[in-house]
Amino acid sequence: MGILSSSSGKRMSSSSMDITSARCPDGFLELNGCEKPGTELEDLPDDLLGEIVSCLPDVRDQARIERVSTRFRKSCKLVKKVKFLCRMKNVQKCTGPSAKHVTPFKDIVMSKVVHLTCVERLRLEIEDEMQASRFKEEVIEKNSLWISDDKFVLQWLPPVSANLISLTVIDYGQQAIFHQTMLLQHLSNFCKNLQFLELRNMYLDCAPTTSSTADQMKPTRLPGVKVLTLRCVKLTENGLKDLNDCMPNLITLTLVTIVGLRDARFKSDKLEVLCLGLATRVKSVKLEVNALTKLQLKMACPDELRVEARSLQCLAVCMDKRQDAIVEFKGVNKLRELLMGASEFSTLDKLCSANPGLEKVFLDVPCMSFEDDGGWKAVLPQVPLNLPNMKHIKVKCTKLHTLSVGPGLWYSLEQDMKTNPETFSPTWPVLATLILQIIVHELEVSLKLFRALLESIPSLEKLEVYVHKDSNMELEEFGALKELFPTVQWKLDWWKKGLKFNRFSF
């Protein structure tokens, strides 16, 4: 289900400064008509020059500006946004006549941070190409890529901690995921103004731990953090509750591909957005989040799932309920949007009964397998091709006006039509907008199904059809049916990687 799939950490905008590589923007020194330094730019206050330098993308630009004058060199120490990006060339050097000395990434970081007195937004990142690379042990020993290593953290964090508002650390997963880091404890000690935190590829423990140092005996508290994102992170068994205690004022919490949890418990009267994506099965999930307006759940079904969220308006669930499991959504009766990927629809039926005000629904059966590049791979044989009870949705959700169908549900509908070609008669809600995201396996069946669905929805005003590029057909073959439905506004297009959710809040 595309909206819940894990992904890599977010990239920083072009207004950031990548410390390890870059190009100088042409004409920078001609800003405001200055052909040479020493005129208008030199007359600007130091803090304003620092703001300008903060917009440069990397260290080469900064180095060139530093060489312009003493004033500019001073201004470069006042930058507020900095990005350190570790690339392959920071680890491996070329051989031959063009060989250059390799400056270890950690040395580059330390040579800069000691001069950054005003930085507010900091990003340290191991690039994706290196994440997929396995280096020889002697290379790792000589040039460790473990950014969240305690010793290194205590070197780079204190100089930049005073004004730090936003921090992103994307560690080298193949090394960092096996070693527990005290990063959160150090942030608790040093960063009193931190509000935005994103961490990826590491092993976190935010509970107070026994240690010989006084600082590590203190409770871990980050009360100023409002937005937390963890991706590909290992937590301790009760790590979600520990995060809850550590950051009691969170407004947005995004957890993607999380491992290590046994019980996932979270209670907050301030959290408004939660994405909970668990890569390993947990015993129980208990959420008491009555200020929550958006919730995404992607996980194997736990023994017990209980959610109390009385303000919830948008819910996305990618999970098949087991027969012996307890699944309860308490007080969830104000939903306007529901997105569900499942092959067992009892939870869908209960949610539709409790939420007559539903306006938008996305449904899919997670039976499709895709390559990393979005190419279609196969139909998963172990996933039952069950169908949701559309008649029940029609009766209970009288305000529903937008329905989106995923490729797995479309395939299930095709198989149902092939099995019951004479009795197939779709019952669909009264809709204004229908969105189909499909993979065409048998063109004749798809066209027949497509026409039957449109004939069953006389109220339809807008139709969006996205056909996967691996389908053996042309878009015109669907477009040929336009004349049969002249009152419908059509949109036909291809898709390959990522489903379309532009009509939903997620």
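Since the structure is predicted, the reported quantities are computational estimates derived from the model, not experimental observations.

Each value, and the rule that gives it
Residues numbered from 1 in each chain as written. Predicted model: local features only at pLDDT ≥ 70, side-chain atom pairs only at ≥ 80, totals over all residues. Heavy atoms only, no water. Helix = DSSP H or I, 4+ residues; strand = E, 2+ residues; numbered from the N terminus. Buried < 20%, exposed > 50% of the residue type's maximum accessible area, 1.4 Å probe, protein only. Contact = heavy atoms within 4.5 Å. Areas by Shrake-Rupley, 256 points an atom, 1.4 Å probe, with all protein chains shown as cover. Pairing = 2+ DSSP bridges. Right-handed = clockwise from strand over helix to strand, strands pointing away. Core = buried A, V, L, I, M, F, W, Y, C linked by side-chain atoms within 4.5 Å. Phe/Tyr/Trp six-rings, centres within 6.5 Å; stacked < 30°, edge-to-face > 60°. Axes fitted to C-alpha atoms, helices over the stretch in contact; angles between N-to-C directions. Salt bridge = Lys/Arg side-chain N within 4 Å of Asp/Glu carboxyl O. 1 Å grid on protein atoms, 1.4 Å probe; cavity = no way out; pocket = protein on both sides within 12 Å on 5 of 7 lines; lining within 4 Å. Points joined across faces, edges and corners; volume = space filled by probe spheres on them. Nonpolar A, V, L, I, M, F, W, Y, C, P; charged D, E, K, R; others polar. Parallel < 35°, antiparallel > 145°, perpendicular 65-115°, else oblique. Left-handed = near helix turned anticlockwise from the far one by under 90°.

**Q** Is there a simple way to think about the overall build of the protein chain in this case?
**A** Counting its regular elements, the protein chain contains 16 helices and 22 strands. For the protein chain, with 506 residues in total, the buried portion stands at 51%. Of the contacts formed within the protein chain by residues at least 6 apart in sequence, a portion of 65% connects residues at least 24 apart. Of the roughly 23,500 Å² of accessible surface on the protein chain, 49% is carried by carbon and sulfur atoms.

**Q** Honestly, the pairing of strand β16 (residues 360-364) in this entry has me stumped. Any pointers?
**A** Put simply, side chains in a regular strand alternate between the two faces of the sheet. When you tally the buried positions in β16, you get four out of five residues, the bulk of the element. One ladder, built from five bridges, connects strand β15 (residues 337-341) with β16; its direction is parallel. By the bridge assignment, Leu 338 is partnered in β16 with Val 361. What joins β15 to β16 is helix α12 (residues 346-354), and the crossover it makes is right-handed. In this sheet, strand β19 (residues 402-405) lies alongside β16 in parallel orientation, the contact comprising four bridges. Its bridge partner lying in β19, Val 361 is registered against Leu 403.

**Q** Looking at this structure, I do not really get the nonpolar core. What am I missing?
**A** Soluble globular proteins tend to pack their nonpolar side chains together in the buried interior. Counting 136 residues, the largest nonpolar core has Trp 156 and Leu 434 as the members making the most contacts within it. Per element, the largest residue contribution to this core is six residues, and it comes from helix α15 (residues 443-455). Ignoring anything within four residues of it in the chain, the contact list for Leu 434 reads Leu 403, Val 405, Trp 428, Leu 454, Ile 457, Leu 460, Lys 462, Leu 463 and Glu 464.

**Q** So what exactly am I meant to see when it comes to unusual backbone geometry here?
**A** It is generally the case that most residues other than glycine have a negative phi and that most peptide bonds are trans. Positive phi, close to 50°, is recorded for Cys 232, a residue that is not glycine. Along the chain, the position of Cys 232 falls in strand β6 (residues 227-234). One non-glycine residue, Thr 257, lies in the positive phi region at around 55°. Along the chain, Thr 257 turns up in strand β7 (residues 252-259). Thr 257 gets classed as partly exposed once you look at its relative accessible area, which sits at 27%.

**Q** Explanation requested: the packing of aromatic side chains in the structure shown.
**A** Taken as a whole, this structure holds five aromatic pairs when the rule is applied. Between the aromatic rings of Phe 362 and Phe 501, the centroid separation amounts to 5.0 Å while the plane-to-plane angle is 70°, which identifies the pairing as edge-to-face. Linking Phe 362 in strand β16 with Phe 501 in the segment after β22 (489-495), this pair joins segments that are 139 residues apart in sequence. Just as Phe 362 is buried, Phe 501 falls in that class too. Here the aromatic rings of Phe 450 and Trp 490 are separated by 5.7 Å at their centres, their planes lie at 70°, and the arrangement is edge-to-face. With Phe 450 in helix α15 and Trp 490 in strand β22, the pair connects residues that are 40 residues apart, well separated along the chain. Here the two residues Phe 450 and Trp 490 agree in accessibility, since each one is buried. Among the aromatic residues, ring-to-ring pairing joins Phe 362, Phe 501 and Phe 504 into one connected group.

**Q** Sorry, what's going on with helix α9 (residues 183-190) here?
**A** Since the α-helix advances by 3.6 residues per turn, residues separated by three or four positions end up pointing in the same direction. Summarising burial for α9: six of the eight residues are buried, a large majority. Buried within α9 are the following residues: Leu 183, Leu 184, Gln 185, His 186, Leu 187 and Ser 188.

**Q** What's the story with the sheet that holds strand β8 (residues 263-267) in this structure? I'm lost.
**A** In space, the four strands of this open sheet follow the order β8-β10-β12-β14, with parallel pairing throughout. Either end of the sheet is taken by a strand with one partner, and the two such strands are β8 and β14 (326-330). Between one strand and the next, the sheet's axes are offset by a mean angle of 5°, whatever the strand orientation. One ladder, built from five bridges, connects strand β12 (residues 304-308) with β14; its direction is parallel.

**Q** I keep staring at the pattern of salt bridges and nothing clicks. Help me out?
**A** Note that side chains of opposite charge can pair when their charged atoms are close. In the structure shown here, the tally under the stated rule is 14 salt bridges. In this structure, Arg 200 engages Asp 128 in a salt bridge whose closest nitrogen and oxygen atoms are separated by 3.8 Å. Separated by 72 residues along the polypeptide, Arg 200 in strand β5 (residues 196-204) and Asp 128 in helix α5 (residues 128-131) bring together distant segments of the chain. By relative accessible area, Asp 128 is classed as partly exposed at 32%. Each of Lys 286, Glu 304, Arg 306 and Glu 328 takes part in a single network of salt bridges with overlapping partners.

**Q** What exactly am I supposed to notice about empty space enclosed by the protein here?
**A** Summary: where empty space remains is shown by rolling a probe the size of a single water molecule over the atoms. All chains considered together, the criterion is met by two cavities of 30 Å³ or more. In this model, the largest cavity occupies a volume close to 40 Å³. Along its surface, the largest cavity is lined by Val 317, Met 319, Asp 320, Lys 321, Met 340, Ala 342, Glu 344 and Thr 347. Per-class residue counts for the lining of the largest cavity are four nonpolar, one polar and three charged.

**Q** What exactly am I supposed to notice about the packing of helix α7 (residues 150-160) against α9 here?
**A** For any two helices packed against each other, the geometry comes down to the angle between their axes and how far apart the axes lie. Look at α7 against α9: their axes get within 10 Å of each other, and the N-to-C directions meet at 25°. On the basis of their axis angle, the class for α7 and α9 is roughly parallel. Handedness of the α7/α9 crossing: right-handed. Contacts from Asp 150, Val 153, Leu 154, Leu 157 and Pro 158 in α7 reach Leu 183, His 186, Leu 187 and Phe 190 in α9. Its residues assigned to classes, the contact of α7 with α9 comprises seven nonpolar, one polar and one charged.

None of this, on its own, says anything about what the molecule does.
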